[in-house]
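Chain and residue survey
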Amino acid sequence: MPPALRTRLLAALAAALTVAAGLTVRAVTGGWFGKYAGDALYTVLVYALIVLVWPRITPARAALGALAFSWAVELAQLTPVPAALSEVSVVARLVLGSTFGAADLVAYAAGATLAASAHALLRRRREHRPEPVTTPP
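Each value, and the rule that gives it
- Residues numbered from 1 in each chain as written.
- Predicted model: local features only at pLDDT ≥ 70, side-chain atom pairs only at ≥ 80, totals over all residues.
- Heavy atoms only, no water.
- Helix = DSSP H or I, 4+ residues; strand = E, 2+ residues; numbered from the N terminus.
- Buried < 20%, exposed > 50% of the residue type's maximum accessible area, 1.4 Å probe, protein only.
- Contact = heavy atoms within 4.5 Å.
- Areas by Shrake-Rupley, 256 points an atom, 1.4 Å probe, with all protein chains shown as cover.
- Axes fitted to C-alpha atoms, helices over the stretch in contact; angles between N-to-C directions.
- Parallel < 35°, antiparallel > 145°, perpendicular 65-115°, else oblique.
- Left-handed = near helix turned anticlockwise from the far one by under 90°.
- Nonpolar A, V, L, I, M, F, W, Y, C, P; charged D, E, K, R; others polar.
- Core = buried A, V, L, I, M, F, W, Y, C linked by side-chain atoms within 4.5 Å.

We now examine the overall build of the protein chain. Looking only at helices and strands, the protein chain has six helices and zero strands in total. Based on the C-alpha atoms only, the size of the protein chain along its principal axes is roughly 70 × 30 × 25 Å. Relative to its full complement of 137 residues, the protein chain shows a buried share of 34%. Within the protein chain, counting contacts between residues at least 6 apart in sequence, those at least 24 apart form 63% of the total. For the protein chain, the exposed surface amounts to about 8900 Å²; the carbon and sulfur share of it is 73%.

With that settled, consider the packing of helix H3 (residues 59-76) against helix H6 (residues 102-127). Running from amino to carboxyl end, H3 crosses H6 at an angle of 160°, the nearest separation of the two axes being 9 Å. Put simply, H3 runs roughly antiparallel to H6. In terms of crossing hand, the pair formed by H3 and H6 is right-handed. Across from Pro59, Ala63, Leu67, Ser70, Trp71 and Glu74 in H3, the residues of H6 making contact are Asp104, Leu105, Tyr108, Ala109, Ala112, Ala116, His119, Ala120 and Arg123. When the residues that make up the contact of H3 with H6 are grouped by side-chain class, the tally is ten nonpolar, two polar and three charged.

Glancing now at the side chain of Thr18. Looking at where Thr18 falls in the secondary structure, it is placed in helix H1 (residues 3-28). Ignoring any residue separated from it by four or fewer positions in sequence, one finds Thr18 in contact with Leu41, Val44 and Leu45.

We now examine the nonpolar core. One finds Tyr47, Ile50, Val51 and Ala62 to be the most contacted residues of the largest nonpolar core, which totals 18 residues. Residue assignment for this core shows that the elements contributing at least two residues are helix H2 (31-53), H3 and H6. Top element by residues in this core is H2. It accounts for six residues. Filtering out sequence-adjacent residues up to four positions away, Tyr47 remains in contact with Pro59, Ala62, Ala63, Ala66, Ala115, Ala116 and His119.

Laid out in structure tokens, this is it:
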């Protein structure tokens, strides 16, 4: 299987698992842990989607992209636009949120760091895996 396809499949699986983890965290936990774990997982999902689109991206660039997107969404909450959109659309509420929280910026950074660390570890393992030996017929 070509490396880019393998990376895309793993990114799609990571995205699906991240959504499941986010829904589970929200369902079974509460308080600050549930909120900030959900925020971190939001950035992990954005990271996975970036890798899905650009499978050869480095972990550092994917982390910066996911973090920039997450922070931009959070900073947009300083305007009335996300709150207004969240009132009329569940999807907008899930993607854009509605109220700014400075602590969310830290949770997004944690999610980007976690995703980049996992991605770098997987890449390192793949690069150090020995090539299969084939014998001529």
